[in-house]
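Each chain is listed here by its residues.
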There are 2 protein chains.
Amino acid sequence: MVLPILHLNGYKIANPTVLARIGDDELEALMRGYGHTPHMFVAGFDEEPHASIHARFAAMVDDVMDEIAAIKEEAASNPDMPRPAWPMIVFRTPKGWTCPPEIDDEVTEGSWRAHQVPLSNARDTDAHLQTLEDWLRSYDPDDLFDDGGAPYAATRAIAPEGELRMSARPETNGGLVLRDLVMPDFRDFAVDVPNPGSGPVEATRQLGEFLRAVMEANMDNFRIFAPDELASNRLQAVLEVTDKVWEGEREDDGTHTAASGQVVEMLSEHQCQGWLEGYLLTGRHGLFTSYEAFIHIIDSMFNQHAKWLKVSRELPWRRPIASLNYLLSSHVWRQDHNGFSHQDPGFIDHVVNKKAEVVRVYLPADANTLLSTYDHCLRSRDYVNVVIAGKQPAPQWLTMEQAEDHCTRGLGIWDFASNVETGEEPDVVMAAAGDVPTLEILAAIDIIRHELPDLKVRMINVVDLMRLQPEGEHPHGMSDQAFDQLFTTDKPIIFNYHGYPWLIHRLTYRRTGHENLHVRGFKEEGTTTTPFDMAMLNDIDRFHLVMDVIDRVPGLGTRAALLRQRLSDQRLAARRYARVHGADLPEVANWVWPDAGAETREAMAGTQDTGGDNE
Amino acid sequence: MVLPILHLNGYKIANPTVLARIGDDELEALMRGYGHTPHMFVAGFDEEPHASIHARFAAMVDDVMDEIAAIKEEAASNPDMPRPAWPMIVFRTPKGWTCPPEIDDEVTEGSWRAHQVPLSNARDTDAHLQTLEDWLRSYDPDDLFDDGGAPYAATRAIAPEGELRMSARPETNGGLVLRDLVMPDFRDFAVDVPNPGSGPVEATRQLGEFLRAVMEANMDNFRIFAPDELASNRLQAVLEVTDKVWEGEREDDGTHTAASGQVVEMLSEHQCQGWLEGYLLTGRHGLFTSYEAFIHIIDSMFNQHAKWLKVSRELPWRRPIASLNYLLSSHVWRQDHNGFSHQDPGFIDHVVNKKAEVVRVYLPADANTLLSTYDHCLRSRDYVNVVIAGKQPAPQWLTMEQAEDHCTRGLGIWDFASNVETGEEPDVVMAAAGDVPTLEILAAIDIIRHELPDLKVRMINVVDLMRLQPEGEHPHGMSDQAFDQLFTTDKPIIFNYHGYPWLIHRLTYRRTGHENLHVRGFKEEGTTTTPFDMAMLNDIDRFHLVMDVIDRVPGLGTRAALLRQRLSDQRLAARRYARVHGADLPEVANWVWPDAGAETREAMAGTQDTGGDNE
């Protein structure tokens, strides 16, 4: 049974507290406005003996507990019971209650001065040492401890025993009560990929189908939290098997709100993060889906959870808990209707500052890799998993079998997009991490195949960002041998990345070929514009990527000068078209990988988003 | 005159809004709890003609405006007037009021469906196009616009003229009304530094003296915002010339709270950030002081302000506003009483992801450099200035004249700590950014002078972090020539940094000598322990720095093996002492730079913090 208590002792470090200074009327109104029935308790401001204070408080706690029990009893028998105004206690006592009234002639008890170490010089001055002794003796230690300083049996008896001790409650060590999720086979939700580039498919919508099955199989220990972005991020399929819990007034308005449900939506990233943390720490499973840019709202809360995980791993008695899983969508590259305020991929940078043992970052490039990735995340323990995936119709690259292998490796060569035979050296390595950067790299390779057919191109996709780090830096880190074999030690590497480019340099700066690494990514250029114009604003677009290849492959520049000029002209043409039509050039927007097949070509012709995004 | 209105239209993207579903009683209680007198207005749910709705609302607005005017009138004549319950309006209308009631047989007006683009397929289907036309015609455009589509004079007359147009209000373009601060001479607050290493001085307390003078000279357009950390960060001198504005009940309790004042303290980083942004955007000046670790709470708000600054620089009619100045103290290296939860220097990494033209990061190593830095920040425009400085008693390194030169350069060789004559090449470059890392580098150099007297050491201190970047990357960026001259292209560089080490690699990875750069910094290891133990936990301590030199200067390793072993033993001895005594070895805690002088040696002997820190 939970009994909320607002303890008002009047001060914090150096100021009064707000709620202690608004008066009882406003305070009571505020608590009622928050949906509570406040009970006011005041103590310590007069000569009332402590015994009587304890008796008064015990009686109030009993009353309030009875009220809570009565509410629960009615709720059990009456499903249509209106939301109760849960009782709570406002507990007013002096700050530093029972500490020395004054120290150095300054009021201390009942003052902000009691917040800090009120006798910091006890070891320096006899006066303070005496004050300290008098203070401690005021608690009658002789009645509590024997001559050896050990508590008497009567003192020890005050503490509850066994699981009644707060720190011994099983739910405070969530791993103790954690049950594995019953996991449906994610392969059953695979997208059929007859050829690379087929589709289009909305990756997160496909994940939603899988999550619906996960939800259905775990209705008592799996929850999804979202700041009004569940449907916007395309996960609404879960609402076929559960509702959104909603304690406010409910209407038949198609919002799937109900008295109980496993989805919790509130437009407060702080609430979502806090609820999920509490749910995980008490031995359950869940995920938090948000717009990529706005997850920064909980940066500080993430910090504390990551720090908690780091320290708890060092405590043998702490059992592992389920990982904190993020699904970030509506990402930086597809804010067609929202613009600059919604464009920020920096949460990845924030996350990787925390301990390598704790953090994981995944950038699946299509639906099957997203499914395989999320299956892994939901089974993991004691991590923070950040998964970033698009929600817009996009081409699919890997069959489920290929996706599983790819996700298990964390990165790899995409053979269908490479033209380097075994035994040959590539002229250039073209790598990508993230769905939109992968699309642009492949479109660039398509151009290269037509314009520079002799150029040997190796295409690499990275889904697990931590693989780029050296073995010694991260548990997922790759050996230098393996890295050098993939990325070469002496060939130019054009890396098209979802986020701020320098992170790729940070992860790879110890690698032999780092000097040859050229990273494109978000460089804080954006506005409300078309998807391809966004790519061009940050130079991650297909045309610029080919220009980067021309600039970096030795000897190519002079031979490809005309091509380079045409590519630069194509960028201008694309921008002009976007400005005039508010949409991308059809040949750009509807581009499909050459081997995708006619069916896909038709399907893609209709995908350019003309509708409204959210927020 | 400001009239707060809570518009409840019932829905957001896909859910009801909380306040629209708690009922009028709780909602009114909540507004009263927030200190307001709510006026309820409901419209659009019945057949009431719009003219009558507008008349009702106009009448309510008049009444509320009169109430506000009356309050202001009384306040003007009665300084002791109790805090009024400011009136506000709760404005209930249907979501998408006056849009098509239904689209595709789905309720749209009064529904969450109206949040998005309700007719996204208008260009695809005739039915939707017809619906759109009927909708737009429902506003009688023929009465508003002529055949050419231009608004009739009567239509235009509805809009106010000149400065009555909201977007033309001078305070919405704050730069128009911005007045320069009257700046006292920061040199008048210089700390006397007879020899390098003298002191100790609390840097931020010295800054507080300067800020008191700034405040005194600018009582109508300068404010300091703090989450109950003004005094904790040692800026309380400003309270000698102003108070903390406090609208709640006030008592004579030594908190310096008053009905008006230029300091605003509330334990909400969100409130402090929002208030300061509003104050700057309307043409005033200010700063926000916070604990370093907790400034992450406003990461997302910082993002939006930085984005606003970036875009506003591109709008010629937007006049520059005062910079958003942070003073972050109680930093990662001195959380002696708070521990791991208070240790996070990552705000720097978050900030440098934003446009180089907008962000500045300063790490002054002593009081005079802090004073010179802050004078610069308070005079600047359109930046976000992040200044990180310690509040603990610490040695001082530069005279004010030296500090000015150093801050103007942004970085430089500290001659007193180097033993490389002009014409000589250093054997090793030892660089530092931040107060504690600088102290440890100098203590390491002191060891080297005794143990490896022939080693040529160049000591560099960096105060303006952005100087490390190439010219092309940041306006403060250094030329490669200048950088190479300072840091050499082929000598080992041991860089002791305040924050996460990889940022230094990120800023310098294009530099010739980058391969020789070895950075020490915070690697997310921390707990509640002594200052020197914190340094050792992250290997930024003097002993480990000398070990790094031994490991990296060619040929030194074998000759200095015994010294290296002794240094490693000294680390163990220091840790053992800290564990037993809860304080650092006196010879470590009280170390002073050899040239500091006897007076300082005595002074330092008493500085080891035995008292309480805050929070």
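In what follows, the structure referred to is the one given above.
Residues numbered from 1 in each chain as written. Chains lettered and ligands numbered in written order. Predicted model: local features only at pLDDT ≥ 70, side-chain atom pairs only at ≥ 80, totals over all residues. Heavy atoms only, no water.

A. Region of the structure containing the overall build of chain A. For chain A, the helix and strand inventory stands at 20 helices and 20 strands. With the C-alpha coordinates aligned to their principal axes, the bounding extent of chain A is approximately 95 × 65 × 45 Å. Residue burial in chain A is summarised as follows: out of 615 residues, 57% are buried. Considering only intrachain contacts with a sequence separation of at least 6, the fraction spanning at least 24 residues in chain A is 73%. A total of about 25,600 Å² of accessible surface is found on chain A, and carbon and sulfur atoms cover 51% of it. (Helix = DSSP H or I, 4+ residues; strand = E, 2+ residues; numbered from the N terminus. Buried < 20%, exposed > 50% of the residue type's maximum accessible area, 1.4 Å probe, protein only. Contact = heavy atoms within 4.5 Å. Areas by Shrake-Rupley, 256 points an atom, 1.4 Å probe, with all protein chains shown as cover.)

B. Summary view of the nonpolar core. One finds Trp397 and Leu442 of chain B to be the most contacted residues of the largest nonpolar core, which totals 75 residues. Counting residues per element, this core draws most heavily on helix α12 (residues 435-451) of chain B, at eight residues. Those residues within four positions of Leu442 of chain B in sequence are excluded, and the remaining contacts are Trp397, Trp414, Phe416, Ala417, Met459, Trp591 and Trp593 of chain B. Counting 74 residues, the second-largest nonpolar core is a separate cluster that includes Met430, Leu452, Phe532 and Met536 of chain A. (Core = buried A, V, L, I, M, F, W, Y, C linked by side-chain atoms within 4.5 Å.)

C. Highlighting the interface of chain A and chain B. Facing 81 residues of chain A, the contacting portion of chain B comprises 80 residues. Both faces combined, the contact of chain A with chain B buries some 6,900 Å², and carbon together with sulfur accounts for 50% of it. Here chain A is connected to chain B by 16 salt bridges. Notably, a salt bridge pairs Glu525 of chain B with Lys310 of chain A, separated by 2.8 Å at the nearest N-O pair. Along the contact surface separating chain A from chain B lie 50 residue pairs in polar contact (both at pLDDT 80 or more). Those elements that place two or more of their residues in the side of chain A that touches chain B are α1 (23-33), α8 (299-312), α9 (347-351) and α14 (502-508) of chain A. Considering each element in turn, the side of chain A that touches chain B owes the most residues, seven residues, to α8 of chain A. A class-by-class count of the residues in the side of chain A that touches chain B yields 25 nonpolar, 28 polar and 28 charged. (Buried area = accessible area lost by both parts, 1.4 Å probe. Salt bridge = Lys/Arg side-chain N within 4 Å of Asp/Glu carboxyl O. Polar contact = N/O pair within 3.5 Å; in protein donor to acceptor, adjacent residues only side chain to side chain. Nonpolar A, V, L, I, M, F, W, Y, C, P; charged D, E, K, R; others polar.)

D. Summary view of the pairing of strand β20 (residues 517-520) of chain A. Alternating residues of β20 of chain A divide into Leu517 and Val519 of chain A and His518 and Arg520 of chain A, and every residue in both groups is buried. Read as a crossover between parallel neighbours, the route from strand β19 (residues 493-497) of chain A over α14 of chain A to β20 of chain A is right-handed. (Right-handed = clockwise from strand over helix to strand, strands pointing away.)

E. Region of the structure containing the sheet that holds strand β1 (residues 5-8) of chain A. Residues and elements named next belong to chain A. An order of β1-β3-β2 is seen for the three strands of this open sheet, with the pairing classed as parallel. Every other strand in the sheet has two partners, leaving β1 and β2 (36-42) as the edge strands with one partner each. With direction set aside, neighbouring strand axes in the sheet form an average angle of 20 degrees. Relative to strand β3 (residues 86-92), β2 runs parallel, the two being bridged by seven bridges. By the bridge assignment, Met40 is partnered in β3 with Val90. (Pairing = 2+ DSSP bridges. Axes fitted to C-alpha atoms, helices over the stretch in contact; angles between N-to-C directions.)

F. Quick peek at the environment of Glu425 of chain B. Residues and elements named next belong to chain B. Topologically, Glu425 is positioned in the loop between β16 (411-413) and β17 (428-433). Sequence-wise, Glu425 and Gln304 are 121 residues apart; in three dimensions their C-alpha atoms are separated by 47 Å. In this structure, Glu425 is in contact with Val420, Lys456, Asp490 and Lys491, ignoring residues within four places of it in sequence. One polar contact links Glu425 to Lys491, side chain to side chain, over a distance of 3.1 Å.

G. Seen up close, the packing of aromatic side chains. All names here are of chain A. Summed over all chains, the structure comprises 36 aromatic pairs over all chains. An angle of 10 degrees between the planes, with centres 5.5 Å apart, marks the rings of Phe41 and Phe91 as stacked. Of this pair, Phe41 sits in strand β2 while Phe91 sits in strand β3; the two residues are 50 residues apart in sequence, bridging distant segments of the chain. Assessed through its relative accessible area of 2%, Phe41 is described here as buried. Here Phe91 falls in the buried class, since its relative accessible area comes to 15%. When the ring of Phe189 is compared with that of Phe210, the centres are 5.7 Å apart and the planes differ by 55 degrees; the resulting orientation is tilted. Of this pair, Phe189 sits in the loop between α5 (153-156) and β6 (198-202) while Phe210 sits in helix α6 (residues 203-217), placing them 21 residues apart in sequence. (Phe/Tyr/Trp six-rings, centres within 6.5 Å; stacked < 30°, edge-to-face > 60°.)

H. Quick peek at the pairing of strand β14 (residues 384-388) of chain A. All names here are of chain A. Counted residue by residue, β14 has five buried out of five residues, so it is predominantly covered. The side-chain alternation of β14 yields two buried faces, one formed by Val384, Val386 and Ile388 and the other by Asn385 and Val387. The sheet contact formed by strand β12 (residues 324-329) and β14 spans five bridges and is parallel. For Tyr326, the partnering residue across the bridge sits in β14 and is Val386. After leaving strand β13 (residues 359-362), the chain enters helix α10 (residues 367-379) and then returns to the sheet as β14, a path that is right-handed.

I. Representation of the side chain of Thr108 of chain B within the structure. Mapped onto the secondary structure, Thr108 of chain B falls in the loop between β5 (106-107) and α3 (126-137). Discounting chain neighbours no more than four positions away, the residues touching Thr108 of chain B are Lys95, Cys99, Pro100, Pro101, Glu102, Ile103, Arg113, Ala114 and Pro118 of chain B.

J. Representation of the packing of helix α16 (residues 542-552) of chain A against helix α18 (residues 561-581) of chain A within the structure. All names here are of chain A. For the pair α16 and α18, the least separation of the axes is 9 Å and the interaxial angle reads 155 degrees. Classified by the angle their axes make, α16 and α18 are roughly antiparallel. Judged by the sense of rotation from one axis to the other, the crossing of α16 with α18 is left-handed. Within the contact between the two elements, α16 uses Phe543, His544, Val546, Met547, Ile550 and Asp551 and α18 uses Leu563, Arg564, Leu567, Ser568, Gln570 and Arg571. In the contact of α16 with α18, the residues fall into six nonpolar, three polar and three charged. (Parallel < 35°, antiparallel > 145°, perpendicular 65-115°, else oblique. Left-handed = near helix turned anticlockwise from the far one by under 90°.)

K. Expanded view of the relation of the copies chain A and chain B. Mapping chain A onto chain B calls for a rotation angle of 180 degrees and an axial translation of 0.0 Å; the resulting RMSD is 0.1 Å. What the rotation and shift describe, once combined, is the action of a two-fold rotation axis. An overlap of 99% is found between the interface residues of chain A and their copies at the interface of chain B, pointing to a shared contact surface. (Least-squares fit on C-alpha atoms with pLDDT ≥ 70 in both.)

L. Focus on empty space enclosed by the protein. Overall, the coordinates contain five cavities of 30 Å³ or more when judged by the stated rule. Reported here for the largest cavity is a volume of approximately 110 Å³. Lining the largest cavity are Asp349, Asn353, Trp502, Leu503 and Arg506 of chain A together with Asp349, Asn353, Trp502, Leu503 and Arg506 of chain B. Of all elements in the fold, only α14 of chain A together with α14 (502-508) of chain B reach the threshold of two or more residues within the lining of the largest cavity. Tallied by class, residues from the lining of the largest cavity come to four nonpolar, two polar and four charged. The computed volume of the second largest cavity comes to approximately 60 Å³. Along the walls of the second largest cavity sit 14 residues, with Gly346 and His350 of chain A together with Asp349, His350 and Asn353 of chain B positioned nearest its centre. Secondary-structure elements contributing two or more residues to the lining of the second largest cavity are α9 of chain A together with α9 (347-351) of chain B. Along the lines of polarity and charge, the residues of the lining of the second largest cavity split into one nonpolar, nine polar and four charged. (1 Å grid on protein atoms, 1.4 Å probe; cavity = no way out; pocket = protein on both sides within 12 Å on 5 of 7 lines; lining within 4 Å. Points joined across faces, edges and corners; volume = space filled by probe spheres on them.)

M. Geometry of α18 of chain A. All names here are of chain A. With 21 residues, α18 extends 30 Å between its outermost C-alpha atoms, agreeing within 8% with the 30 Å of an ideal straight helix rising 1.5 Å per residue. Along α18, the residues classified as buried are Leu563, Leu567, Arg571, Ala574 and Ala578. Along α18, the residues classed as buried sweep out an arc of 100 degrees about the axis, all on the same side. Across from the buried face of α18, at angles greater than 90 degrees, the exposed residues are Leu562, Arg576, Arg579 and Val580. Where α18 is buried, its residues touch α12 (435-451), α15 (531-537) and α16. Two residues or fewer past α18, Gly582 is found with a positive phi of approximately 65 degrees. (Expected span 1.5 Å × (residues − 1). Arc of directions from axis to C-beta.)

N. The arrangement of the layout of surface pockets in detail. There is about 1,500 Å³ of room inside the largest pocket. Taken together, the elements giving at least two residues each to the lining of the largest pocket come down to α1 of chain A together with α2 (50-77), β3 (86-92), β7 (222-226), β10 (263-265) and α7 (269-281) of chain B. For the lining of the largest pocket, the leading source of residues is α2 of chain B, giving four residues. Residues of the lining of the largest pocket, tallied by class, amount to 24 nonpolar, six polar and nine charged.

O. Highlighting the pattern of salt bridges. Here the structure, examined in full by the defined rule, presents 84 salt bridges over all chains. Measuring nitrogen to oxygen at the nearest pair gives 3.1 Å for the salt bridge that ties Arg32 of chain A to Glu28 of chain A. Of this pair, Arg32 of chain A and Glu28 of chain A both sit in helix α1, four residues apart, which is roughly one turn of that helix. Overall, Glu28 of chain A belongs to the partly exposed group, its relative accessible area being 26%. Of the charged contacts, one joins Lys355 of chain B and Glu525 of chain A as a salt bridge, the two residues approaching to 2.9 Å between their closest N and O atoms. With Lys355 of chain B in the loop between α9 and β13 (359-362) and Glu525 of chain A in the loop between β20 and α15, this residue pair bridges two chains.

The analysis is restricted to geometry; functional conclusions fall outside its scope.
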